Amino acid sequence: MSAERRDEGPAGEAAVVRVEGLVHRYARRGLEDHPVLGGLDLEVRGGELLAVVGPSGGGKTTLLHLVAGLIVPTAGRVVLAPEARPAMVFQRPRLMPWRTAVENAAFGLECLGAAAPLPKAAALLGELGLADAVHAWPRELSEGMRQRVNLARALLVQPDVLLLDEPFAALDALTRRRLHRDLLALLRDRPRLAVVLVSHDLDEVAALADRALVLSDRPAVVRADLPIALPHPRDADAAGRLELAGRREELERLLGSPEGAAPE
Amino acid sequence: MSDDPPGSIDVASPTRTGSPSSVPWISVASVVVALLVWEGVCRAELVSRVLLVAPSRIAVAGVEMLGLASVRADIGHTLAAFAASLAIALVGGAGVGLLIGWSPVARQVLQPFVVTFHALPKVVLMPLILLWVGFGLGASVFLGAMMAAFPVLTSVAAGVGALEADLLVLARAFGAPRRLTVRAIVLPGLAPFLVSGLRVGISYAMVGVLIAELAGSGRGVGHLMLLFLETFEIERLFAAMTLVAGLTLAATGAVGVLERRLGRWRPDPA
Ligand SMILES: Nc1ncnc2c1ncn2[C@@H]1O[C@H](COP(=O)(O)OP(=O)(O)OP(=O)(O)O)[C@@H](O)[C@H]1O
Ligand SMILES: [Mg+2]
């Protein structure tokens, strides 16, 4: 498996998302505006998994919501390739408690008016190891299972950009590793999909990303842009694990201190 | 939150029912015992038969009474007033509740009136209602609807406030058409609030209707009760009261069934 999921590598792909001079300030009643993003530039190509790391409260969720078009930037712009469809995997799964797993997973398809959304959703849930739980209520699922539904819901709309907001942060290490493997497998089948992964977990970033952006303190700008062009699976042998540890250390150094990216 | 390992959940089909409804035997027994004690007290003539009538005699009087066409007409009259009050209260209460819940401007405009009328014992309006719409069905429906609308209104307004902003953002993120957002997120979120408002509204509507009838509308079960009191038909009086209680219980029970159907996704009450 090559470092990139496509054969030619992402260098040949056009940018699916381009962010130019993105500035965001939240208006706060009775207070000064709260500057969060201070002029951010980035590009994500088809087939590339871009990780974004930065201090807590530094504006990473804000960035994803801007790319998804959920909020409007104060200045600068987000340019998606023509017809490119973003899909968001929220940090909390945001499942409707009154819908079963499969009905939740199918929601995005329903929004598109797709035919037969439920069978399609059930099939993908099966691929994600949830065959036995397709008709379970969200309250009957473990947190890891809910995150799979969350992921399935976004993948089902066949997005061109997948926006992942710390999707694995609430999981135990074992489940997280398993979901990493599942995600990589799903991405192998979707070679042109661009992914933006916000994460606090440097091991996760080193294990998954093709490239990592390190954000500065608020108001955030890009402090460093680190390629991690290693083949998957990255921890298969001793040499791979050594490489991985090297990238992780570099990320840690770029972030300032490991505490700078401490989990919530 | 459950931490069950994947695969440990027994889920077979989408048409799942809740846990098998178990009969609350202890409650049934306590009701039976109470009825027996009541019956015994009356048979032993511990209480004057004018003040308290035995359940068995109430039952006999009730069956007898239901044989009379005029009584059936009065029951129909009360039921019609009850149904109309409830329907008006539901539509009006939910409508104003949605408005208040959704629009801050509407809330500020309407809030003073809602608070005032909510606090007002609606019975004091009775003379005015009689003046406006006269005796009869109109008065019953007016008072019943007034009384039932407020619990529906406050509950629905609270439901709008409790709608999960996260889910509405989710709908936006997936570009959900407005109708799908309403069907998939807004209505299921509001349903429990509407139903609990309805549950309270039912007994209020019945109270309103009966007050109007007791105030002298000349028709309905309330009127019958007045009549039986005047003619000293105490057994029939008790039968009429039992009938009202039964109707209200039945309506509340129907709401309970609705509630369970809508709330299948909730954890079973332990
Ligand atoms: N809707 C909002 N209104 C006002 N301020 C907000 C809003 N959302 C976020 N903020 C503020 O903007 C800053 C960045 O928030 P954001 O959620 O984007 O950070 P983050 O990098 O995702 O944080 P974390 O890593 O903890 O998830 C924070 O200081 C936060 O308080
Ligand atoms: Mg965040």
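All values reported here derive from a predicted model rather than from experimental measurement. Each chain carries its own residue numbering, running from 1 in the written order of its sequence. All chains are assigned letters beginning at A, and all ligands numbers beginning at 1, according to the order in which they are written. In keeping with the model being predicted, local features are shown solely for residues with a pLDDT of at least 70 and side-chain atom pairs are shown and tallied solely at 80 or more, while totals for entire chains, interfaces and linings include all residues. To get the side-chain values, all heavy atoms of the structure are used, and hydrogens and water are removed first.

Draft legend 1. How the structure looks around the overall build of chain B. Regarding its fold elements, chain B presents ten helices and zero strands. Element order for chain B, N to C, with α for helix and β for strand: α-α-α-α-α-α-α-α-α-α. A radius of gyration in this sense is built from C-alpha atoms; the matching globule rule multiplies 2.2 Å by the number of residues raised to 0.38. For chain B, whose C-alpha radius of gyration is 23 Å, the value lies well above the compact-globule estimate of 18 Å for 270 residues. C-alpha extents for chain B along the principal axes are approximately 70 × 55 × 30 Å. Using a 1.4 Å probe on the protein chains alone, a residue whose accessible area is under 20% of its type maximum counts as buried, one over 50% counts as exposed, and one in between counts as partly exposed. Here chain B, with 270 residues, has 37% of them falling under the buried criterion. Any two residues having at least one pair of non-hydrogen atoms within 4.5 Å are treated as being in contact. Taking contacts inside chain B between residues at least 6 apart in sequence as the whole, the part at least 24 apart equals 72%. For chain B, the exposed area adds up to about 15200 Å²; of that, 70% sits on carbon and sulfur atoms. We treat Lys and Arg as the positive residues and Asp and Glu as the negative residues; His and chain ends play no part in the count. The atoms used to mark charge sites are NZ of Lys, CZ of Arg, CG of Asp and CD of Glu. Distance between charge centres in chain B, computed from 18 positive and 15 negative side chains, equals 9 Å. Helix and strand definitions here come from DSSP, where helices need a minimum of 4 consecutive H or I residues and strands a minimum of 2 consecutive E residues; each element is numbered from the N-terminal end. Computed by Shrake-Rupley with a 1.4 Å probe, the accessible areas treat only the displayed protein chains as cover when residues are assessed.

Draft legend 2. Region of interest: the site of ligand 1. Residues and elements named next belong to chain A. Near residues are defined by distance, with any heavy atom within 4 Å of the molecule or strand qualifying the residue. Contacts to ligand 1 come from 15 residues, most closely from G57, G59, K60, T61 and T62. Counting of polar contacts relies on pairs of N or O atoms within 3.5 Å, with two restrictions inside protein: one atom must be capable of donating a hydrogen and the other of accepting it, and residues adjacent in sequence are counted only when both atoms are side-chain atoms. Here G59 contributes a backbone N or O atom positioned 2.9 Å from an oxygen atom of ligand 1. Between ligand 1 and T62, the relevant distance is 2.5 Å, taken from an oxygen atom to a side-chain nitrogen or oxygen of the residue. The protein chains hide 67% of the 630 Å² of surface that ligand 1 would expose on its own. Residue assignment for the shell around ligand 1 shows that the elements contributing at least two residues are β2 (34-45) and α1 (60-67). Charged means Asp, Glu, Lys or Arg here, nonpolar means Ala, Val, Leu, Ile, Met, Phe, Trp, Tyr, Cys or Pro, and polar covers whatever is left, Gly included. Here the residues of the shell around ligand 1 sort into three nonpolar, eight polar and four charged.

Draft legend 3. Spatial organisation of unusual backbone geometry. Residue and element names in this part refer to chain A. A cis amide bond links R218 to the next residue, P219, at an omega of -15 degrees. Within the secondary structure, P219 is located in the loop between β8 (211-215) and β9 (222-227). Note that the residue after H232, namely P233, is joined by a cis bond; omega there is -5 degrees. By the secondary structure assignment, P233 is in the loop between β9 and α8 (238-254). The phi torsion at R94 lies on the positive side, around 50 degrees, for a residue other than glycine. Its relative accessible area of 17% is what places R94 among the buried residues.

Draft legend 4. A look at empty space enclosed by the protein. All names here are of chain A. The way it works is a 1 Å grid over only the protein atoms, where trapped points that fit a 1.4 Å probe form a cavity and open points with protein on both sides within 12 Å along at least five of seven lines form a pocket, and then any residue with an atom within 4 Å of a point lines it. Grid points are joined across faces, edges and corners, and a volume is the space filled by probe spheres set on the points. Enumeration according to the criterion identifies one cavity of 30 Å³ or more in this entry. Considering only enclosed or pocket space, the largest cavity measures out at about 40 Å³ in volume. Lining the largest cavity are V19, L42, L63, L64, V67 and V196.

Draft legend 5. Quick look at the layout of surface pockets. All names here are of chain A. If you add up the space inside the second largest pocket, you get close to 490 Å³. Along its surface, the second largest pocket is lined by 22 residues, and R177, H180, A207, D235 and L244 are the ones closest to its centre. Counting residues per element, the ones that place at least two in the lining of the second largest pocket are α6 (173-188), α7 (202-208) and α8. No other element matches α6, which puts eight residues into the lining of the second largest pocket. Per-class residue counts for the lining of the second largest pocket are nine nonpolar, two polar and eleven charged.

Draft legend 6. Highlighting the domain arrangement of chain A. Residues and elements named next belong to chain A. Partitioning chain A into structural domains gives domain 1 (3-85 + 159-256) and domain 2 (92-158). A domain assignment, automatic or from a database, supplies the domain bounds used here. One C-alpha centre belongs to domain 1, the other to domain 2; they are set 24 Å apart. Facing 17 residues of domain 1, the contacting portion of domain 2 comprises 13 residues. Buried area between domain 1 and domain 2, summed over both chains or domains, comes out near 1300 Å², and the portion from carbon and sulfur atoms is 67%. Buried area is a sum: the accessible area each of two parts loses on coming together, probed at 1.4 Å, counted once for each and added. By the criterion of area lost to domain 2, the three top residues of domain 1 are R85, P159 and L186, representing 34% of everything that side buries. Salt-bridge detection follows one rule: a side-chain nitrogen of Lys or Arg within 4 Å of a carboxyl oxygen of Asp or Glu. On inspection of domain 1 and its partner domain 2, the count reaches one salt bridge. Between R148 and D182 there is a salt bridge, and its shortest N-O distance comes to 2.7 Å. For the interface between domain 1 and domain 2, the tally reads three residue pairs in polar contact (both at pLDDT 80 or more). Within the residue set of the side of domain 1 that touches domain 2, elements represented by two or more residues are β6 (161-165) and α6.

Draft legend 7. Main features of the packing of helix α3 (residues 69-102) of chain B against helix α4 (residues 104-119) of chain B. All names here are of chain B. Throughout, an axis means a line fitted to C-alpha atoms (over the contacting stretch in the case of helices), and angles, computed between N-to-C directions, take values from 0 to 180 degrees. Orientation of α3 relative to α4, taken along the N-to-C sense of each, is 125 degrees, at an axis distance of 6 Å. Between α3 and α4, the angle is such that the two are oblique. Listed contacts from α4 to V96, L99, I100, G101 and W102 of α3 are P104, A106, R107, L110, Q111 and V114. Split by residue class, the contact of α3 with α4 holds eight nonpolar, two polar and one charged. Here the word oblique covers every angle except those under 35 degrees (roughly parallel), over 145 (roughly antiparallel) and from 65 to 115 (roughly perpendicular).

Draft legend 8. Focus on the pairing of β6 of chain A. Residues and elements named next belong to chain A. Where burial is concerned, most of β6 is hidden: five out of the five residues are buried. Residues V161, L163 and D165 point to one face of β6 and L162 and L164 to the other, with burial holding for every one of them. For two strands to pair, DSSP has to find at least two bridges joining them. Inspection of the sheet shows strand β5 (residues 86-89) paired to β6 by four bridges, in the parallel sense. Within β6, the position partnered with V89 by the bridge is L164. Two elements, β6 and strand β7 (residues 194-198), share five bridges in a ladder whose sense is parallel. Bridge assignment links L164 to a residue of β7, and that residue is L197.

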